[in-house]
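# Observations on the three-dimensional arrangement
Here's the letter readout for the chains.
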Amino acid sequence: MDDTPKHAFLQRPPVILGIESSCDESAAALYGASGLMAHALYSQVDLHAGYGGVVPELASRDHIRKLLPLIERVRAEAGDPALTGIAYTRGPGLIGALLVGASVSAGLGMSLGVPVLGVHHMEGHLLSPLLEADPPAFPYVALLVSGGHTLLVAVEGLGRYRTLGRSLDDAVGEAFDKTAKILGLGYPGGPALAALAADGDPRAYDFPRPMRARPGLDFSFSGLKTAVMLTVKHSERSPAVDADIAASFQQAVVDTLVAKCARAIRATGIERLVVAGGVGANAALRAALARRAARDGFTVHFPRQAFCTDNAAMIALTGYLRRGDFRPGIAPAEAVARWPLEDLRPPEAAPIAYDRAGTAESF
Ligand code: KG4
Ligand code: ZN
């Protein structure tokens, strides 16, 4: 049997450089046979704060400034290992921002003679719990809650994703951000609103729990946002009132998400829940899901906060798991603003298995 690897790059133990630039975070990370080797991130939050939201053109320009120094940093931190591949976020996201990561990856791949693979940002989020010490086994249900997405997904294996439910209007993170804006909090609104909510009474206002009573696993958050807006308009504002509104809003979101997650677990018979995306950093959501999991007898996995929000560790990991998809040769600097999760497939070729010391176990 000829077990010689076809491509020279497959002969070395894998070390994948991950690059993330889909929105307002520039990030780089290295993932190898021993796990995550290094990761670094630069958040553009201060750059966009004055505008109340991400300004795409400013985001692209800043990625150009920050990506290469971040890449140098993670390579130096990991002891400058030889790269075997570069994985970058190909989409979905802001097209200009994505193109910076795509171009940097294509250029670096060409100069180092290593292959480049464009990966899906949401797949990165879905796989992010695998970065932790006690990763869940497939299959699991993932609640993906970010600034742009609210999805319940059955993750049946690598590249095998079945969408169970989605938001019909605002994403959860968007609802947090818009509500924060209504209350006059700064950008980004989610963490600021969560901090204010900590001082309030979550039972002060009885906001709607959208779609909770309806069957199915879809979400809707625009009605809740409107209810908050009307309450704010008709209230005698004070710091205490604002804190109560924030806490009551957060409670309505948390109740809705917890109810739908529990329903998804029941409907699929899958006993593991994973929470991913920026809103997964929300402490009230984490606590409520942990309580419900203990009550209903399922397990819940959260990536650490830094891996809930955008990061390159999840992109490097996705590239590592998809190393069967790398092809030799020069890659085009390709990016896509829209990319349905359902279009993903399992990796083309089974990757070579390496033990943690980087020795090839099988071909
Ligand atoms: O996944 P992410 O970093 O970026 C993408 O949208 O891809 O998610 C960002 C979203 C923002 O809407 C932000 O306000 C929200 O996550 N977020 C939070 C918290 N931390 C971040 N929302 C509620 N509570 C938090 N602690
Ligand atoms: Zn994201």
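Since the structure is predicted, the reported quantities are computational estimates derived from the model, not experimental observations. Per chain, residues are indexed from 1 in the order of the written sequence. As they are written, the chains are lettered A onward and the ligands numbered 1 onward, keeping that order. This being a predicted model, a pLDDT of at least 70 is required before a residue's local features are given, and a value of 80 or more before pairs of side-chain atoms are given or counted; all residues contribute to the totals for chains, interfaces and linings. Hydrogens and water are ignored here; the side-chain numbers use all heavy atoms of the structure.

## What about the coordination of the zinc ion (ligand 2)?
The following threshold applies: Metal-coordinating donors are taken as N, O and S atoms lying within 2.8 Å of the metal, or within 3.2 Å when the metal is Na, K or Ca; because water is left out, some sites can appear incomplete. Under this scheme a four-donor centre is tetrahedral when all angles range from 85 to 135 degrees, a four-donor centre is square planar and a six-donor centre octahedral when opposite donors are above 155 degrees with the rest from 65 to 115, and any other centre is irregular.
All of the protein donors around the zinc ion (ligand 2) are His 121 (NE2), His 125 (NE2) and Asp 310 (OD); their distances to the metal are 2.1 to 2.2 Å. Taken together, the four donor atoms coordinating the zinc ion (ligand 2) and their angles of 90 to 152 degrees define a geometry best described as irregular.

## What about the nonpolar core?
Among soluble globular proteins, nonpolar side chains are generally buried collectively. Put simply, the test is: By nonpolar core we mean a set of buried residues, namely Ala, Val, Leu, Ile, Met, Phe, Trp, Tyr and Cys, connected to one another through side-chain atoms within 4.5 Å. With a 1.4 Å probe rolled over the protein chains alone, any residue whose accessible area is under 20% of its type maximum counts as buried; one over 50% counts as exposed, and the rest are partly exposed. Put simply, DSSP marks the helices as runs of H or I at least four residues long and the strands as runs of E at least two long, and each gets a number from the N terminus on. Pairs of residues are marked as contacts when any of their non-hydrogen atoms sit within 4.5 Å.
Counting residues in each nonpolar core, the largest one holds 45 residues, and the members touching the most others are Leu 143, Leu 152, Phe 249 and Leu 257. Of all elements in the fold, only strand 6 (140-145), strand 7 (150-157), helix 5 (172-182), helix 6 (189-197), helix 7 (222-233), helix 8 (239-268), strand 9 (272-276) and helix 9 (283-296) reach the threshold of two or more residues within this core. Ranked by the residues each element gives to this core, the list is headed by helix 8, at 14 residues. Those residues in contact with Leu 257 that sit more than four places away from it in its chain are Leu 143, Val 145, Val 172, Phe 219, Phe 221 and Leu 285.

## A look at the pattern of salt bridges
Inclusion rule: Criterion for a salt bridge: a side-chain nitrogen of Lys or Arg within 4 Å of a carboxyl oxygen of Asp or Glu.
Following the criterion strictly, the structure yields 19 salt bridges and no others. Asp 255 is the partner of Arg 209 in a salt bridge, and the nearest nitrogen-oxygen pair spans 2.9 Å. Of the two residues, Arg 209 sits in the loop between helix 6 and helix 7 while Asp 255 sits in helix 8, which places them 46 residues apart along the sequence. Between Asp 325 and Arg 322 there is a salt bridge, with the nearest N and O atoms lying 2.8 Å from each other. Asp 325 gets classed as buried once you look at its relative accessible area, which sits at 17%. Taking the relative accessible area as the measure of exposure, Arg 322 reaches 6% and is therefore buried.

## Concerning unusual backbone geometry
With the exception of glycine, the majority of residues adopt a negative phi angle, and the majority of peptide bonds are in the trans configuration. Residue Pro 92 is reached from Gly 91 by a cis peptide bond, and omega for that bond is -10 degrees. Structurally, the position occupied by Pro 92 is in the loop between strand 4 (85-91) and helix 3 (95-112). Of note, the amide linkage connecting Phe 138 to Pro 139 takes the cis form, showing an omega dihedral of -5 degrees. One can find Pro 139 in the loop between helix 4 (121-127) and strand 6. Unusually for a residue other than glycine, Asp 80 sits at a positive phi of about 55 degrees. Within the fold, Asp 80 resides in the loop between helix 2 (56-77) and strand 4.

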